[in-house]
Amino acid sequence: MSQTDTVFTGAGQPSAPIGLSPEALFEKCNALARNLWWSWQPEVINLFRDLDPIRWRQLDHNPIALLAEFTPERLEMRASELVLFSRINHAFRRLKEYMSERATWARTHAGVLGSKPVAYFSLEFGVHESVPVYSGGLGVLSGDHIKSASGLGVPLVAVGLFYDQGYFKQQLDIEGYQHEEYLDTKVENLPMEPAMGADGKPLTIRIDTRNGPLLAKVWLMHVGRVNLYLLDCDVKENRPEDRELTSRLYGGDNRTRIRQELVAGVGGIRALKAMGITPGVFHLNEGHSAFATLEAVRQRMIDTGMSFDDSLREIARHTVFTTHTPVPAGHDRFDGSLIEEHLGPLRDGLGISFEQLMGLGRVEPQNSHEPFCMTVLGLKLSRRANAV
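One numbering rule holds for all chains: residues counted from 1, following each sequence as written. Reporting of local features is limited, given that this is a predicted model, to residues whose pLDDT is at least 70; pairs of side-chain atoms are given and counted only at 80 or more, and all residues count toward the totals for whole chains, interfaces and linings. Note that water and hydrogens are dropped before the side-chain values are worked out from all heavy atoms of the structure.

K.L.:
How would you summarise the pairing of strand β7 (residues 212-223) if you had to cite specific residues and measurements?
P.N.:
The side chains of a regular strand alternate between both faces of the sheet. Here strand β5 (residues 192-194) runs beside β7; their pairing, made up of three bridges, is antiparallel. Pairing of M192 across the sheet is with M221, part of β7. In this sheet, β7 lies alongside strand β6 (residues 204-209) in antiparallel orientation, the contact comprising six bridges. For T204, the partnering residue across the bridge sits in β7 and is K217. Counting the residues that bridge the hairpin from β6 to β7 gives two residues. Should DSSP find at least two bridges between two strands, the strands are regarded as paired. Under the DSSP-based scheme used, a helix requires at least four consecutive residues in state H or I and a strand at least two consecutive residues in state E, with every element numbered from the N terminus. With seven bridges joining them, β7 and strand β8 (residues 226-232) adopt antiparallel strand pairing. Residue pairing for β8: H222 is matched across the bridge by N227. In this structure, the hairpin formed by β7 and β8 is closed by a connection of two residues, where G224 is found at a positive phi of approximately 60°.

Now the structure itself:
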């Protein structure tokens, strides 16, 4: 009889496999829940659902929240009732094999990315409904993109923002009018952990603006083989209004939006640097994160001693840009005062004038009446662009 063989009690009910304690069984389920690989594995989804179908639905199909309602002993009892031991072991073994697999498509066809991965930036990631950091198509595309990268074994890290109130849930009243409801997300019910810097400590990054610094802590989610890093401005050193900066997706006015995009782009690049990650490709999903290219140019200037123009050309050669809509309202535009307030210190580091910086976000660089457009910046600082 092997270590994981199931034995039966006198009443004919199966008990836990020999050598597998209730705690070990619980840890296997928890390991499955904490890697979002499960979200595209129907057998694993069904496994969690079978533990408690009613609560599974009520908890928005969140396995971590579901397991929080079980003790190891109760989980063992439920697994015995439903004969789930072999399914749990099989799912856990598949996850381990998946994570350790070396013979992937990318290993053969994209080996050059091994030491310098793709850095994929997006303001939304729609991986699963239990992780509410997306609202629609942009996020679903991002989520599918990193799932595909995981399946193919493409070396890729993803960067976005963590919204502790997510996107609103809508309800319709008796007259058919929509009402929005924002709910606080419980971090303990999400498959997240603090990201660690090169010094082994939880990572917090700083971005200087003309009116003071912005700080953001960094969370890590595992999406199969892909690491998803989410920046969160709910840091006690921030001013009260800045602590709310990343509370909601697409909330607030233009000043809120530019500060969110500053954190996602500039903060995202600095977070990767602090973790010792050197991307070989920058992929911007929509113009929201286009400030990342400017910070990448600044870092290239520091690391190599290259001029601004040479560094810009070098970064653009490694940047891919995806845009989602030709509708003017879908492209963020900021006036010069917002740009100088938030990118002034970065501009100083780049050694360029205000007009040079504004020109990077204008269709007509010398037109002082034209605002700064994030889509224009994304197109100008990339050498590959596509649309969806």
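Now that the structure is up, let's keep going.
K.L.:
Tell me about the pattern of salt bridges, residues and numbers included.
P.N.:
Salt bridges are identified by distance alone: a Lys or Arg side-chain nitrogen within 4 Å of an Asp or Glu carboxyl oxygen. Applying the stated criterion to the full structure yields 24 salt bridges. Notably, a salt bridge pairs D234 with R243, separated by 2.9 Å at the nearest N-O pair. Residues joined in a network through salt bridges with shared partners are R210, E340, R347 and D348.

K.L.:
Got a sec to walk through the packing of aromatic side chains? Specific residues and values, please.
P.N.:
Two numbers describe a pair of aromatic rings. These are the distance of the centres and the angle of the planes. Only centres within 6.5 Å qualify two rings of Phe, Tyr or Trp (six-membered ring in Trp) as a pair; their planes then separate them into stacked at under 30 degrees, edge-to-face at over 60, and tilted for everything else. Here the structure, examined in full by the defined rule, presents seven aromatic pairs. A centroid spacing of 6.0 Å and a plane angle of 80° characterise the contact between W38 and F48, whose relative ring orientation is edge-to-face. Separated by 10 residues along the polypeptide, W38 in the loop between α1 (22-33) and α2 (42-51) and F48 in helix α2 bring together distant segments of the chain. You'll find W38 and F48 in the same group, each marked buried. Ring geometry for F291 against F372: centres 6.2 Å apart, planes inclined by 40°, an arrangement best described as tilted. With F291 in helix α11 (residues 291-304) and F372 in strand β12 (residues 372-373), this residue pair connects regions lying 81 residues apart in the sequence. Only protein chains enter the area calculation, which uses a 1.4 Å probe; residues under 20% of their type maximum are buried, those over 50% are exposed, and those in between are partly exposed.

K.L.:
A description of unusual backbone geometry should follow, citing residues and the corresponding values.
P.N.:
Its identity as a non-glycine residue notwithstanding, H61 has a phi of 55°, on the positive side. Tracing the backbone shows H61 in the loop between α3 (53-58) and α4 (63-67). Judged by its relative accessible area of 24%, H61 is partly exposed. For V83, which is not glycine, the phi torsion reads 55° and is therefore positive. Its place among the elements puts V83 in the loop between α5 (72-82) and α6 (85-100).

K.L.:
Residue-level account of the nonpolar core, with values.
P.N.:
F291 and L294 are the most contacted members of the largest nonpolar core, which totals 108 residues. The criterion used for residue contact is that any of the two residues' heavy atoms lie within 4.5 Å. Apart from residues lying up to four places away in sequence, L294 is in contact with L343, L346, L350, L357, L360, L377 and L381. Put simply, buried Ala, Val, Leu, Ile, Met, Phe, Trp, Tyr and Cys residues joined by side-chain atoms within 4.5 Å make one nonpolar core.

K.L.:
Residue-level account of the packing of α1 against α5, with values.
P.N.:
Axis definition: a line fitted to C-alpha atoms, over the contacting stretch in the case of helices. Angles run 0 to 180 degrees between N-to-C directions. Viewed as axis vectors pointing N to C, α1 and α5 meet at an angle of 80°, and their least axial separation amounts to 8 Å. Put simply, α1 runs roughly perpendicular to α5. Across the interface between the two elements, P22, E23, L25, F26 and C29 of α1 pack against P72, E73, L75, E76 and A79 of α5. Note that Gly is not counted as nonpolar here; it falls among the polar residues with everything else outside the nonpolar set of Ala, Val, Leu, Ile, Met, Phe, Trp, Tyr, Cys and Pro and the charged set of Asp, Glu, Lys and Arg. For the contact of α1 with α5, a count of residues per class yields seven nonpolar, no polar and three charged. Here is the rule for angles: anything less than 35 degrees is roughly parallel, anything more than 145 is roughly antiparallel, 65 through 115 is roughly perpendicular, and the remaining ranges are oblique.

K.L.:
So what's going on with the packing of α11 against helix α13 (residues 336-350)? Which residues, and what values?
P.N.:
Two elements in contact, α11 and α13, have axes separated by 9 Å at closest approach and are oriented at 25°. In terms of axis orientation, α11 runs roughly parallel to α13. In the packing of α11 onto α13, the handedness of the crossing is left-handed. Contact residues: α11 offers F291, L294, E295, V297, R298 and M301, while α13 offers I339, L343, L346, G349 and L350. Considered class by class, the residues forming the contact of α11 with α13 number eight nonpolar, one polar and two charged. In this scheme the crossing of two helices becomes right-handed for a clockwise turn of the near helix relative to the far one and left-handed for an anticlockwise turn of less than a right angle.

K.L.:
How would you sum up the confidence of the model for the protein? Please name residues and give values.
P.N.:
The predicted coordinates ought not to be read in detail in places where the model reports low pLDDT. The score called pLDDT rates the predictor's confidence residue by residue, from a low of 0 to a high of 100. Summarising the model, the protein shows a mean pLDDT of 92, and 95% of its residues fall at 70 or more. This model gives residues 1-14 a pLDDT under 50, and the stretch forms 26 contacts once residues within four places in sequence are excluded.

K.L.:
Please provide a residue-by-residue account of α13, values included.
P.N.:
By definition here, a helix of n residues has an expected span of 1.5 Å times n minus one. In a regular helix each residue adds 1.5 Å, so 15 residues correspond to 21 Å; α13 covers only 17 Å between its end C-alpha atoms and thus falls short of that length. The quantity called bend is, for any residue, the angle between two axes fitted respectively to the seven residues ending at it and the seven beginning at it. The largest bend along α13 measures about 70° and falls at L343, with the proline P345 one to four residues further on. Along α13, the positions that sit buried rather than exposed are G336, L338, I339, E340, E341, H342, L343, G344, L346, R347 and L350. Where α13 terminates, the next one or two residues include G351, which has phi positive at roughly 70°.

K.L.:
Explain the side chain of D52 residue by residue, including any values.
P.N.:
By secondary structure assignment, the location of D52 is in the loop between α2 and α3. Accessibility expressed as a relative area gives 17% for D52, which makes it buried. Polar side-chain contacts of D52 include one of 3.2 Å to the backbone nitrogen of R55. When residues no more than four places from it in sequence are discounted, the contact partners of D52 are L66, F70 and R74. Each polar contact in these results corresponds to two N or O atoms within 3.5 Å; when the atoms are within protein, one needs to be able to donate a hydrogen and the other to accept it, and residues that are neighboring in sequence are counted only if both atoms are side-chain atoms.

K.L.:
Which residues make up the environment of R210, and what are the values?
P.N.:
As for its position among the elements, R210 is in the loop between β6 and β7. Put simply, R210 and E341 are 131 residues apart on the chain and 5.0 Å apart in space, counted from C-alpha to C-alpha. For R210, the residues in contact, after removing those within four places along its chain, are E340, E341, G344, P345, R347 and D348. Only 3.4 Å separates the side chain of R210 from the backbone oxygen of G344, close enough to count as a polar contact.

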